[in-house]
Structures are given as structure tokens and as C-alpha cells.
Amino acid sequence: MPRMTFVGAGGTRREVEARVGDTLLDVAQRHGIDIEGACEGCMACATCHVIVDPAFFGLLDDPGDEEEEMLDLAVGVTETSRLGCQVVMTDALDGLVVSLPVVVNNLLRG
């Protein structure tokens, strides 16, 4: 089973197991990582915004137009930003590192 690391806004690192075929949002929620996912992975918000380590970014499929539009709503977007609901874990992503943005739009906590 691949492993991946979430880096919190304060720099805290948490390595977790990630099932092949799960999205990063699924992985985060299963392990209690603080990623909202207000739309439950329907790509109707940008609350699962993550920043992919540049070493892994080239291994991902390119984001579609709809994801790009949703990323326009996210705060602190970088060149390697993605929506966690759109990144699917594969064996090739073993060791993946993603950072949580320092500032997020939180739709559920007001």
C-alpha cells in the first residue's frame, strides 16, 4: 500500500497509508487530516485544495478545465495546487508529499 505525507500549515508532517484508487480527499478524511471537502468530492468547491510537492506534480494527470475553474476560487493557489478530490492515488505516487495551504475557505465552519 502506498504511503504519503500531509504537511500541515504549521509544518507538522503526518505520514499515512493511502489505498490505490482513493482520492487525496478520501485519504485525508480517513486519517483525520483537516481538509474540509464541503462538496464531498463533487468538485463544486475548492475546500480540498492541496499543494503538491513539485517532485511529484509531473506524475499527476493534468487538471481538467472544471478543476482549474474551482482552483480559481481557492486561496493561496500555487503552480502545483490541485483539488484533493481530483488526485487519485496510484502505486507510482508512493511517497507523495502534499501541503495544506496556510489559509483556506471553510464553508462548513462559517
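Everything below is about the structure printed above this text.
Residues numbered from 1 in each chain as written. Predicted model: local features only at pLDDT ≥ 70, side-chain atom pairs only at ≥ 80, totals over all residues. Heavy atoms only, no water.

**Comments concerning the overall build of the protein chain**
Right, so step 1: The secondary structure content of the protein chain amounts to 3 helices and 5 strands.
Right, so step 2: Taking 2.2 N^0.38 as the reference for a compact globule, 110 residues should give roughly 13 Å; the C-alpha atoms of the protein chain span a radius of gyration of 13 Å, in line with that estimate.
Right, so step 3: Based on the C-alpha atoms only, the size of the protein chain along its principal axes is roughly 35 × 30 × 20 Å.
Right, so step 4: For the protein chain, buried positions account for 43% of its 110 residues.
Right, so step 5: For the protein chain, contacts bridging at least 24 residues in sequence account for 63% of all contacts bridging at least 6.
Right, so step 6: Element-wise, carbon and sulfur atoms account for 48% of the exposed surface of the protein chain, whose accessible area totals about 6,000 Å².
Right, so step 7: With 7 positive and 19 negative side-chain charges, the protein chain shows a separation of 11 Å between the mean positions of the two kinds. (Helix = DSSP H or I, 4+ residues; strand = E, 2+ residues; numbered from the N terminus. Rg over C-alpha atoms; globule rule 2.2 N^0.38 Å. Buried < 20%, exposed > 50% of the residue type's maximum accessible area, 1.4 Å probe, protein only. Contact = heavy atoms within 4.5 Å. Areas by Shrake-Rupley, 256 points an atom, 1.4 Å probe, with all protein chains shown as cover. Lys, Arg positive; Asp, Glu negative; His and termini not counted. Charge placed at Lys NZ, Arg CZ, Asp CG, Glu CD.)

**Concerning unusual backbone geometry**
Right, so step 1: A positive phi is found at Glu40, a non-glycine position, where the angle reads about 60°.
Right, so step 2: In this structure Glu40 comes out as exposed when scored by relative accessible area, which is 71%.
Right, so step 3: The residue Met43 is not glycine, and still its phi comes out positive at about 55°.
Right, so step 4: Among the structural elements, Met43 can be located in the loop between α1 (24–30) and β3 (49–52).

**Thoughts on the sheet that holds strand β2 (residues 13–17)**
Right, so step 1: One open sheet accounts for 5 strands, arranged β2-β1-β5-β3-β4; its pairing is mixed. The open sheet is flanked by β2 and β4 (81–83), the only strands paired with a single partner. Strand-to-strand, the axes of this sheet are offset by a mean angle of 35°, without reference to chain direction.
Right, so step 2: In this sheet, strand β5 (residues 96–99) lies alongside strand β1 (residues 3–7) in parallel orientation, the contact comprising 4 bridges. Within the sheet, the bridge partner assigned to Met4 lies in β5 and is Leu96. (Pairing = 2+ DSSP bridges. Axes fitted to C-alpha atoms, helices over the stretch in contact; angles between N-to-C directions.)

**Considering the side chain of Thr80**
Right, so step 1: Following the sequence through the fold, Thr80 ends up in the loop between α3 (65–71) and β4.
Right, so step 2: At 2.7 Å, the side chain of Thr80 and the backbone oxygen of Val52 are in polar contact.
Right, so step 3: Not counting chain neighbours up to four residues away, the residues in contact with Thr80 comprise Val50, Ile51, Val52, Pro54 and Phe57. (Polar contact = N/O pair within 3.5 Å; in protein donor to acceptor, adjacent residues only side chain to side chain.)

**Points about the pairing of β1**
Right, so step 1: Where burial is concerned, most of β1 is hidden: 4 out of the 5 residues are buried.
Right, so step 2: Pairing analysis gives 5 bridges linking β1 to β2, with the strands arranged antiparallel. Bridged to Phe6 within β2 is Arg14.
Right, so step 3: Linking β1 to β2, which pair antiparallel, is a turn of 5 residues; within it Gly11 sits at a positive phi near 95°.

Coordinates in, geometry out; function isn't part of it.
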